[in-house]
Amino acid sequence: MISPIARTSMRTRAINRVMRSGDHHFHSPNGMHLPFDTQKKGFKFLYWGSCAFFSALPVIAAWWQIRKGNGNKNY
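Thresholds, definitions, all that
Residues numbered from 1 in each chain as written. Predicted model: local features only at pLDDT ≥ 70, side-chain atom pairs only at ≥ 80, totals over all residues. Heavy atoms only, no water. Helix = DSSP H or I, 4+ residues; strand = E, 2+ residues; numbered from the N terminus. Buried < 20%, exposed > 50% of the residue type's maximum accessible area, 1.4 Å probe, protein only. Areas by Shrake-Rupley, 256 points an atom, 1.4 Å probe, with all protein chains shown as cover. Phe/Tyr/Trp six-rings, centres within 6.5 Å; stacked < 30°, edge-to-face > 60°. Contact = heavy atoms within 4.5 Å.

Draft legend 1. Main features of the overall build of the chain. Along the chain, the regular secondary structure elements total 2 helices and 0 strands. Of all 75 residues assigned to the chain, the portion counted as buried reaches 3%. With an accessible surface of roughly 7,300 Å², the chain has 65% of that area assigned to carbon and sulfur atoms.

Put into structure tokens, the structure is as follows:
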């Protein structure tokens, strides 16, 4: 005999299996689902350049604050 909790658990798994097996994954070649064109020549440079800039921005800000705090007036 199966307990009511086990039956509920089995029913939930069966429903999830059916929901996950749907054909909701569609093919989108060359980034067609994105709101910008990834096939342009300068896209990779703009992308990696912006990644590098925004990654370096906290370091540059910290350097600027440390440099200001040393009493150096030549900034």
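Draft legend 2. Structural context of the packing of aromatic side chains. A full pass over the atoms with the stated rule returns 5 aromatic pairs. Summarising the aromatic geometry, the rings of F53 and F54 are spaced 5.1 Å apart at their centres and angled 70° between planes, so their arrangement reads as edge-to-face. Judged by relative accessible area, F54 falls into the exposed class, the value being 56%. Ring geometry for W63 versus W64: centroids 6.4 Å apart, planes at 55°, classification tilted. Exposure remark for W64: the relative accessible area of 32% places this residue in the partly exposed category.

Draft legend 3. Representation of the environment of F36 within the structure. Position of F36 among the secondary structure elements: in the loop between α1 (4–20) and α2 (43–69). Aside from chain neighbours lying at most four places away, what touches F36 is G31 and F43.

Functional significance is not addressed by these values, which are geometric in nature.
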